[in-house]
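Residues per chain are reported as follows:
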Amino acid sequence: YVMDRKKADHVIDFFAELRHTLGQWAGKPIELMPWQRDELITPLFGWVHKDTGLRRFRTAYIEVPKKNGKSTLCSGLALYLLAADGEPGSQVYCAAASRDQATIVYREASRMAKTSPLLKDYILARDSLKHLALPSSNSFLKALSAEHHRQEGLNWHGLIFDELHAQPDRRLWDCLRYGGASRREPLLISITTAGFDRHSICYEQRTHAERVLNGTSEDLTFFGLIRCADEDDDWTKFKTWKKANPSLDVTINRADIRASCIEAKESPTKENSFK
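Residues numbered from 1 in each chain as written. Predicted model: local features only at pLDDT ≥ 70, side-chain atom pairs only at ≥ 80, totals over all residues. Heavy atoms only, no water.

Draft legend 1. View of the overall build of the chain. The number of helices and strands found in the chain is nine helices and ten strands. By the compact-globule yardstick of 19 Å for 275 residues, the chain fits well, its C-alpha radius of gyration being 19 Å. With respect to the three principal axes, the spread of C-alpha positions in the chain is 60 × 45 × 40 Å. Within the chain, the fraction of its 275 residues that count as buried is 48%. (Helix = DSSP H or I, 4+ residues; strand = E, 2+ residues; numbered from the N terminus. Rg over C-alpha atoms; globule rule 2.2 N^0.38 Å. Buried < 20%, exposed > 50% of the residue type's maximum accessible area, 1.4 Å probe, protein only.)

In structure tokens form, the structure reads like this:
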């Protein structure tokens, strides 16, 4: 495998054509944070096979705590796989445990598409059906949930599982995971916060990601990125907050975390929640 910076930069430049749609940055171009650009986008999309030029990674597990910009990242990646990855007839699915969760990513993607100078004239949104179409390439993006898990026969180019830890069982995962087998370079991305269930599909993927990252697995097509505090880290220290939250001081206010930490020190219930 070789690093193709042009392929990575293509994704980074695409994000710059998208706009924030909520909160204090609404209407402003999306500027990837350093960790998103350097630890995620560049390796995930830049590593390619030296002979074919196709992407090295086919499956990705990304774990970050809440409020680190996960939904915006999910939606941007979904739109890239829909409209800019060079795949004719691209089919992209945003999957989640519930219809409401799947709708969160879809709605953000829809708002981004409607406000993007690059996409707004080409994307057709049918929001009542949670369906974005790109007629010029016969491509579409659609939301799916575990509540409607019988989805055999899908031929996806991109599959994004949001909050994988919330999947009630592995039926939707098993039903969808091989749906990209006939594509040239399908990409399955699960983006999640940490969970508690050690018998879940999320824990299975997390364990595999850990083995890939520590070198005990030789799976060269699996990408893992885990940001968390370790067991022996002092949860009351700023360096631990920063270690676990790569978007601290950008999407997460340091003062808010400090205030929550003070409360957590005084209450075992709040301590567990804070951790």
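Draft legend 2. Region of the structure containing the sheet that holds strand β7 (residues 139-145). The sheet built from eight strands is open, its strands ordered β5-β6-β7-β4-β8-β9-β3-β10 with mixed pairing. Each of the sheet's edge strands pairs with one partner strand only, and the pair in question is β5 (124-126) and β10 (222-226). If you compare each strand with its neighbour and ignore which way they point, the axes differ by 15° on average. One ladder, built from six bridges, connects strand β4 (residues 91-96) with β7; its direction is parallel. Across the sheet, Ala-96 pairs through a bridge with Ser-145, a residue of β7. Packed onto the sheet, helix α6 (residues 201-214) meets β3 (59-63), β9 (187-192) and β10 and runs at close to 95° relative to β10. (Pairing = 2+ DSSP bridges. Axes fitted to C-alpha atoms, helices over the stretch in contact; angles between N-to-C directions. Contact = heavy atoms within 4.5 Å.)

Draft legend 3. Seen up close, the packing of helix α1 (residues 5-16) against helix α3 (residues 70-83). At their nearest, the axes of α1 and α3 sit 10 Å apart, and the two run at 115° to each other. Comparing the axis directions of α1 and α3 gives the class roughly perpendicular. The crossing of α1 and α3 is right-handed. From α1, His-10, Val-11, Phe-14 and Phe-15 reach across to α3, where they touch Thr-72, Leu-73, Gly-76, Leu-77, Leu-79 and Tyr-80. By residue class, the composition of the contact of α1 with α3 is seven nonpolar, three polar and no charged. (Parallel < 35°, antiparallel > 145°, perpendicular 65-115°, else oblique. Left-handed = near helix turned anticlockwise from the far one by under 90°. Nonpolar A, V, L, I, M, F, W, Y, C, P; charged D, E, K, R; others polar.)

Draft legend 4. A look at the packing of α1 against helix α2 (residues 34-46). One can describe the packing of α1 onto α2 by two numbers: an axis separation of 7 Å at closest approach and a directional angle of 125°. With respect to α2, the axis of α1 lies oblique. Considering the relative orientation of α1 and α2, their crossing is right-handed. Along its contact with α1, which presents Arg-5, Lys-7, Ala-8, Val-11, Ile-12 and Phe-15, the element α2 presents Arg-37, Ile-41, Thr-42, Phe-45 and Gly-46. Taken together, the residues that form the contact of α1 with α2 break down as six nonpolar, two polar and three charged.

Draft legend 5. A look at the nonpolar core. Counting residues in each nonpolar core, the largest one holds 47 residues, and the members touching the most others are Phe-15, Ile-41, Leu-44, Phe-45, Leu-77, Leu-79 and Ile-189. When residues of this core are assigned to their parent elements, the largest contribution, eight residues, is made by α3. Discounting chain neighbours no more than four positions away, the residues touching Phe-15 are Ile-30, Leu-32, Ile-41, Thr-72, Leu-73, Gly-76 and Leu-77. By size, the runner-up hydrophobic cluster in this structure holds 19 residues, among which are Ala-95, Trp-156, Phe-161 and Leu-188. (Core = buried A, V, L, I, M, F, W, Y, C linked by side-chain atoms within 4.5 Å.)

Draft legend 6. Just helix α8 (residues 254-265), in detail. For α8, which comprises twelve residues, the first-to-last C-alpha distance of 17 Å matches the rise-based estimate of 16 Å (1.5 Å per residue) to within 8%. All of the buried residues along α8 are Ile-257, Cys-261 and Ala-264. Down the axis of α8, the buried side of the element spans an arc of 60°, and every buried residue falls inside it. For α8, the elements touching its buried residues are α7 (238-244) and α9 (268-274). (Expected span 1.5 Å × (residues − 1). Arc of directions from axis to C-beta.)

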